[in-house]
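# Residue-level structure breakdown
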Amino acid sequence: MRQRTNLDTSEANFVYARVLLELNKYDKFQNLFVTDRNKIIDEICLAVIDEANEKEEDREALKFEIMSYKLPAEEKEKYFSPPLYISGLKKPEEFDKKLNKKYGSIIKKYIKEKFIN
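Residues numbered from 1 in each chain as written. Predicted model: local features only at pLDDT ≥ 70, side-chain atom pairs only at ≥ 80, totals over all residues. Heavy atoms only, no water.

### A few points about the overall build of the chain
Helix and strand counts for the chain come out as six helices and two strands. Taken from the N to the C terminus, the helices and strands of the chain come in the order β-α-α-α-α-α-β-α. By the compact-globule yardstick of 13 Å for 117 residues, the chain fits well, its C-alpha radius of gyration being 15 Å. The buried share among the 117 residues of the chain stands at 35%. Counted over contacts in the chain with a minimum sequence separation of 6, partners at least 24 positions apart contribute 72%. About 7600 Å² of surface is accessible on the chain, with carbon and sulfur atoms providing 52% of the total. A gap of 4 Å separates the mean positions of the 23 positive and 22 negative side-chain charges of the chain. (Helix = DSSP H or I, 4+ residues; strand = E, 2+ residues; numbered from the N terminus. Rg over C-alpha atoms; globule rule 2.2 N^0.38 Å. Buried < 20%, exposed > 50% of the residue type's maximum accessible area, 1.4 Å probe, protein only. Contact = heavy atoms within 4.5 Å. Areas by Shrake-Rupley, 256 points an atom, 1.4 Å probe, with all protein chains shown as cover. Lys, Arg positive; Asp, Glu negative; His and termini not counted. Charge placed at Lys NZ, Arg CZ, Asp CG, Glu CD.)

Spelled out as structure tokens, the structure:
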């Protein structure tokens, strides 16, 4: 596994937030139990990351970021500090715009295919 960075965290947060925003448009989603909603969000985020990223090491890093909320506090501290994690990298210009282009249509497609239908 390659070193993860704060940019991986930002990218994973972007995917998670966009999936959640899109799903919240549907009453069917909002009426589910929280545990069911979390499972659906995770499933869609992981599938979207797989489709949008060619390199396996990028997919692994982003998937780890998505699922890191499940780690106990002591594990988080370990995995979010050097040498496993690099922080302080500046976001490239138009970072969110690029992420929207990379993930926007894929997120909508997965929600339509995997959740709405």
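After that view, the rundown keeps rolling.
### Description of helix 6 (residues 95–116)
If you check helix 6, its first and last C-alpha atoms are 29 Å apart, about what 22 residues at 1.5 Å a residue would give, namely 32 Å. At Tyr103, helix 6 shows its largest kink, close to 40°. Three or more residues of helix 6 are buried, namely Phe95, Leu99, Tyr103, Gly104, Ile106, Ile107, Tyr110, Ile111 and Phe115. Elements in contact with the buried residues of helix 6: helix 1 (6–23), helix 2 (27–30), helix 3 (34–52) and helix 4 (56–67). (Expected span 1.5 Å × (residues − 1). Bend = angle between axes of the 7 residues up to and from the residue.)

### Brief notes about the nonpolar core
Val19, Leu23, Ile44, Val48 and Tyr103 are the most contacted members of the largest nonpolar core, which totals 23 residues. Here this core gets eight residues from one element, more than from any other, and that element is helix 6. Aside from chain neighbours lying at most four places away, what touches Tyr103 is Glu11, Phe14, Val15, Val48, Ile49, Ala52, Asn53 and Leu62. (Core = buried A, V, L, I, M, F, W, Y, C linked by side-chain atoms within 4.5 Å.)

### So, the packing of aromatic side chains
Per the stated rule, a full pass over the model turns up three aromatic pairs. For the pair Phe64 and Phe80, a centre-to-centre distance of 6.3 Å together with 40° between the ring planes defines the contact as tilted. Pair noted here: Phe64 is in helix 4 and Phe80 is in the loop between helix 5 (73–79) and strand 2 (85–86), with a separation of 16 residues, a long-range link. Overall, the relative accessible area of 18% leaves Phe64 in the buried class. Through a chain of ring-to-ring contacts, three or more aromatic side chains come together here, namely Phe64, Tyr79, Phe80 and Tyr85. The positively charged end of Arg4 is found above the aromatic ring belonging to Phe80, 4.9 Å away from the centroid. (Phe/Tyr/Trp six-rings, centres within 6.5 Å; stacked < 30°, edge-to-face > 60°. Lys NZ or Arg CZ within 6 Å of the ring centre and 35° of its normal.)

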